[in-house]
Amino acid sequence: MSNPDHDREAEVSLLDGPPHDVKIKPIEKKKEAPQRAKLGLRRTLSEKNLMALTGLFLCLFLAVHLLGNLQLLLPPEIAQWQFNFYSKLLSGNIFIELISYLLFASILAHAIYALVITIKNRRANGHRYDYDRRGVTSKWYSRKMGLLGTIILFFLIIHLRDFWYQLQFGHVPLDKDGQKDLYTLVVTVYHSGWYVLIYVLCMIALGYHLLHGFFSAARTLGVYDPRYVEWIKILGWIYSIGISAGFAFIPVYVHFARG
Amino acid sequence: MRIQLRVWRQEHKSKPGQFADYELPEVSPDMSFLEMLDMLNDQIMRQNGRPVEFDYDCREGICGQCGVMINGRAHGPLANTTTCQLHMRTFKDGDIIHVEPFRAAAFPVKCDLKVDRSAFDRIIQAGGYIAASTGEAPEANSILVPHEEAEAAFDAACCIGCGACVATCKNSSAALFTSAKISHLALLPQGRLEAKERAQQMVAQADKEGFGHCSNTEACEVECPQAISVLHIARMNWEFNRAAFF
Ligand code: HEM
Ligand code: FES
């Protein structure tokens, strides 16, 4: 019986220098900053996780928000009462209030991390290419998430100013049932063709942001099985087109049908 | 065929570089891109100039040494092809070809088209191995590996470390390179055991080297000479996230 260890030693001794396996450093538990290293919050991947989680939370919110807004499409008499009732229901609810804080925090965190990530990536680039045709190897919207996000941020600011701020701090007249008449406020704002145009353009930007973002978030969180990946791509398309087309349709419809 | 070249010339890491124009009157369409550069160097040296430095070794697409930016694309206009496997028939008579080194803060230019890719070595050193001394190749049936897993691990192991993924990435991210090794070893029973530490340490090292985030644009998979799947990046993310929680 030959001893395998013995055999290997014989082989190794034929080589010059130390045996090969002496140089291999065993994987050590992280020495520096053992506490933080566990979660590694400063890692590129952790930063992307945060973007993905906040992004997906916003995605979920958008779906619920769209369902609520669809009430605007009901026949005018029903829509007014229904929509104002819905608005009152939400604004009186402590649970909704908590969600809204979470929502603001998510948008803020998502946007701040977008900036952090973009700055770090710029730094990683170093010297720029003189002649750059790399664009042909990927989809434009996957490279322009920052631009698309900035358009969304711009939209959010006017959107919140015109509806959320008015409802919270502005003077909104009451409807005949004594509820704040958000419905009439919305219809009035959508009278403006310019407003509707900007709204639609922003929704196109949102659509592209979601088209890349939805699938990218799944990737970031680690969905690697090709079967799920396929489904997530399809789901992402349906979701992105559904959300952006849905949100864009409402002002267009209200503008032309209730003008 | 007649080829005009704009080549990045930089004598030293700490000296500024600039483009220089050359003309090669008689390039054969059968030449590889590197052979065309050899021809250029021959011409330069005959005029007592300093030849253009570029990396290569095997010239058959397996070592990962070659790699330059050709007309704004990593390894040139073809997908999944190394620079040494790119042939001049891909270009037309009279073409102007821009040749630049791979650019990334973590890949400093050493000279002309040569860049320092030792950051990749340090990422591997951070955990891209199995710590146990494995001895001789064991009896193949003593540790069973399903065929699909073995193939998937092999696909990841095919990475030749050329750096095209970094060069083509808008963020200069080393995600594809790092994930290929993490995925390769995580898929095999011997490597599985250290998957968590490996993911954490390799990701940490890639960050330390100054590579960027992965935005999932998937450009890397297009340029990768081994067509390594971006799904390995997803598996790396999974291993990294898993390491933090369970
Ligand atoms: C309702 C609004 C928004 C939703 C639903 C949303 C959703 C998402 C999702 C799901 C991702 C993918 C995360 C990942 O790749 O892991 C993402 C990425 C991104 N978002 Fe947003 N986002 C929104 C608003 C914004 C805003 C306001 C900004 C910027 C000011 C922004 C900038 C970005 C950037 C730059 C990325 C790409 C990060 C990368 O390079 O991978 N987003 N977004
Ligand atoms: S020289 Fe070896 S891969 Fe091109």
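Position numbers for residues start from 1 in each chain and track the written sequence from start to end. All chains are assigned letters beginning with A, and all ligands numbers beginning with 1, in the order in which they are written. For this predicted model, a pLDDT threshold of at least 70 governs which residues receive local features, and a threshold of 80 or more governs which side-chain atom pairs are given and counted, while totals over whole chains, interfaces and linings are taken from all residues. Side-chain numbers here rest on the full set of heavy atoms in the structure, without hydrogens or water.

S.K.: I'd like a rundown of the overall build of chain A, residues and numbers included.
M.R.: Secondary structure is summarised from DSSP: a helix means a run of H or I of at least four residues, a strand means a run of E of at least two, and numbering begins at the N terminus for each. Counting its secondary structure elements, chain A contains ten helices and zero strands. Start at the N end of chain A and walk to the C end: the helices and strands fall as α-α-α-α-α-α-α-α-α-α. Counting across all 259 residues of chain A, residues that qualify as buried make up 37%. Sequence separation of 24 or more characterises 75% of the internal contacts of chain A that already satisfy a separation of 6 or more. Values of accessible area rely on a 1.4 Å probe in the Shrake-Rupley scheme; residue burial ignores everything except the protein chains shown. For chain A, the exposed area adds up to about 16200 Å²; of that, 68% sits on carbon and sulfur atoms. With a 1.4 Å probe rolled over the protein chains alone, any residue whose accessible area is under 20% of its type maximum counts as buried; one over 50% counts as exposed, and the rest are partly exposed. The contact criterion used is simple: two residues touch if any of their non-hydrogen atoms lie within 4.5 Å.

S.K.: Describe the coordination of the iron atom of ligand 1, listing the residues and the values that go with them.
M.R.: All names here are of chain A. Metal coordination here is assigned from N, O and S atoms located within 2.8 Å of the ion, or within 3.2 Å for Na, K and Ca; omission of water means that sites may look incomplete. Coordination of the iron atom of ligand 1 by the protein involves H110 (NE2) and H209 (NE2), with metal-donor separations of 2.0 Å. Here a site with four donors is tetrahedral if all angles are between 85 and 135 degrees, and a site with four or six donors is square planar or octahedral if opposite donors are over 155 degrees apart and the other angles are between 65 and 115; anything else gets the irregular label. Angles of 88 to 180° at the metal separate the six donor atoms of the iron atom of ligand 1, which places the site in the octahedral class. With a gap of 99 residues between them, H110 in helix α5 (residues 94-125) and H209 in helix α9 (residues 193-221) connect regions that are remote in the sequence. Taking relative accessible area as the criterion, H110 reaches 17% and is therefore assigned buried. A relative accessible area of 14% places H209 in the buried class.

S.K.: Could you give an account of the sheet that holds strand β5 (residues 96-100) of chain B, with specific residues and numbers?
M.R.: All names here are of chain B. Only strands joined by at least two bridges in the DSSP assignment are considered to pair. Pairing is mixed across the open sheet formed by five strands, whose spatial order is β2-β1-β5-β3-β4. Both edges of this open sheet fall to β2 (18-24) and β4 (73-74), since each of them pairs with a single strand only. For every element, the axis is a line fit to its C-alpha atoms; helices are fit only across the contacting stretch, and the angle between N-to-C directions ranges from 0 to 180 degrees. Running at roughly 95° to β2, helix α1 (residues 33-46) makes contact with β1 (3-9), β2, β3 (69-70) and β5 of the sheet.

S.K.: Hey, could you go over the domain arrangement of chain B for me, with residue numbers and the actual values?
M.R.: Residues and elements named next belong to chain B. For the domain bounds, the source is a domain assignment made automatically or taken from a database. Per the domain assignment, the segments of chain B are domain 1 (3-111) and domain 2 (118-134 + 144-245). Here the C-alpha centre of domain 2 lies 28 Å away from the C-alpha centre of domain 1. Residue-level contacts link 20 residues of domain 1 with 21 residues of domain 2. Joining two parts hides part of their accessible area as seen by a 1.4 Å probe, and the buried area is that hidden amount summed over both. Carbon and sulfur atoms make up 58% of the surface buried where domain 1 meets domain 2, a total of about 1400 Å² over both sides. Three residues stand out in domain 1 for area buried against domain 2, namely N80, A106 and F107, and they jointly supply 38% of the buried area on that side.

S.K.: Report on the interface of chain B and chain A, specifying residues and quantitative values.
M.R.: Every contact between the two is made by 58 residues of chain B and, on the other side, 53 residues of chain A. Looking only at chain B, the three residues that lose the most surface to chain A are H213, N216 and L231 of chain B, adding up to 14% of its buried area. What makes a salt bridge here is a side-chain nitrogen of Lys or Arg within 4 Å of a carboxyl oxygen of Asp or Glu, nothing more. Counting every contact that joins chain B to chain A gives one salt bridge. With a closest N to O distance of 2.8 Å, E218 of chain B and R219 of chain A form a salt bridge. A total of eleven residues in the side of chain B that touches chain A trace back to one element, the largest contributor, which is helix α9 (residues 231-245) of chain B.

S.K.: Lay out the packing of aromatic side chains with the relevant residues and their values.
M.R.: To pair, rings of Phe, Tyr and Trp, with the six-membered ring standing in for Trp, must have centres within 6.5 Å; the planes then decide the type, stacked if under 30 degrees apart, edge-to-face if over 60, and tilted in the middle. As enumerated under the stated definition, the model contains 22 aromatic pairs over all chains in all. Aromatic ring contacts, followed pair by pair, group F155, F163, Y190, Y195 and Y199 of chain A into a single cluster. Directly above the aromatic system of F215 of chain A lies the positively charged group of K233 of chain A, at a separation of 4.7 Å from the ring centroid. The lysine or arginine in question, R59 of chain B, covers the ring of Y56 of chain B, its NZ or CZ lying 4.0 Å from the ring centre. Each ring is checked for a lysine NZ or an arginine CZ that lies within 6 Å of its centre and within 35 degrees of its normal; such an atom marks a charge sitting over the ring.

S.K.: Can you explain the packing of helix α7 (residues 145-169) of chain A against α9 of chain A? Please cite residues and give values.
M.R.: Residues and elements named next belong to chain A. With their axes 9 Å apart at the nearest point, α7 and α9 run at an angle of 135° to one another. In terms of their interaxial angle, α7 and α9 are classed as oblique. As α7 runs across α9, the sense of the crossing is left-handed. Contacts from M145, L148, G149, I151, I152, F154, F155, I158, H159, D162 and F163 of α7 reach α9 at Y195, I198, Y199, C202, M203, A205, L206, Y208, H209, H212 and G213. Only Asp, Glu, Lys and Arg are considered charged, only Ala, Val, Leu, Ile, Met, Phe, Trp, Tyr, Cys and Pro nonpolar, and every remaining residue, Gly among them, polar. Across the contact of α7 with α9, the residue classes break down as 16 nonpolar, five polar and one charged. Throughout this description, any angle smaller than 35 degrees is read as roughly parallel, any larger than 145 degrees as roughly antiparallel, any in the 65 to 115 degree range as roughly perpendicular, and the remainder as oblique. Here a crossing is called left-handed whenever its near helix is offset anticlockwise from the far helix by less than a right angle, and right-handed whenever the offset is clockwise.

S.K.: Talk me through the side chain of H213 of chain B; I want residue IDs and the actual numbers.
M.R.: Looking at the element boundaries, H213 of chain B is found in the loop between α7 (195-209) and α8 (219-223). Its relative accessible area of 1% is what places H213 of chain B among the buried residues. N or O atoms within 3.5 Å of each other form a polar contact, as long as, within protein, one can give a hydrogen and the other can take it, and as long as residues adjacent in sequence are counted only when both atoms are side-chain atoms. Within the structure, the side chain of H213 of chain B is placed 2.7 Å from the side chain of E47 of chain A, a separation counted as a polar contact.

S.K.: Which residues make up the nonpolar core, and what values go with them?
M.R.: Soluble globular proteins: nonpolar side chains tend toward being buried together. Residues and elements named next belong to chain B. Ranked by internal contacts, the top residues of the largest apolar core, which has 38 residues, are F102, F107, F120, I123, V166, F211 and I233. Top element by residues in this core is helix α5 (residues 175-186). It accounts for five residues. If you count residues domain by domain, this core takes at least three from each of domain 1 (3-111) and domain 2 (118-134 + 144-245). Sequence-distant contacts of I233, that is, excluding residues within four places in its chain, are made with A175, L176, S179, C214 and C220. The criterion is simple. A nonpolar core is a set of buried Ala, Val, Leu, Ile, Met, Phe, Trp, Tyr and Cys residues joined through side-chain atoms within 4.5 Å.

S.K.: So what's going on with the confidence of the model for chain A? Residues and values would help.
M.R.: Residues and elements named next belong to chain A. Across chain A, the average pLDDT comes to 87, with 84% of residues at 70 or higher. Here residues 1-19 is a poorly scored stretch, pLDDT under 50, and it has seven contacts once near neighbours within four places are set aside; other chains count. What pLDDT conveys is the predictor's confidence in a given residue, as a value from 0 to 100. Under a pLDDT of 50 for its full length, residues 33-37 has, in the predicted model, four contacts with residues more than four places off or in other chains.

S.K.: Kindly report on the pattern of salt bridges, identifying the contributing residues and their values.
M.R.: Residue and element names in this part refer to chain B. Across all of its chains, the model carries 21 salt bridges over all chains by this definition. Where R117 meets D55, a salt bridge forms, and the shortest distance between an N and an O atom there is 3.6 Å. In this pair, R117 is assigned in the loop between β7 (114-115) and α2 (118-125) and D55 in the loop between α1 and β3, connecting sequence segments 62 residues apart. By the burial criterion, R117 is buried, and D55 matches it.

S.K.: A description of the site of ligand 1 should follow, citing residues and the corresponding values.
M.R.: Near is defined per residue: the residue qualifies when any heavy atom it owns lies within 4 Å of the molecule or strand. K48, H110, H209 and S216 of chain A together with S215 of chain B are the nearest of the 22 residues found near ligand 1. Near ligand 1, the surrounding residues are drawn from chains A and B. At a separation of 2.7 Å, an oxygen atom of ligand 1 approaches a polar side-chain atom of K48 of chain A. S216 of chain A is positioned with one of its side-chain polar atoms (N or O) 2.4 Å from an oxygen atom of ligand 1. Of all the secondary-structure elements, those providing two or more residues to the shell around ligand 1 are α3 (44-69), α5, α7 and α9 of chain A. For the shell around ligand 1, the leading source of residues is α3 of chain A, giving seven residues.

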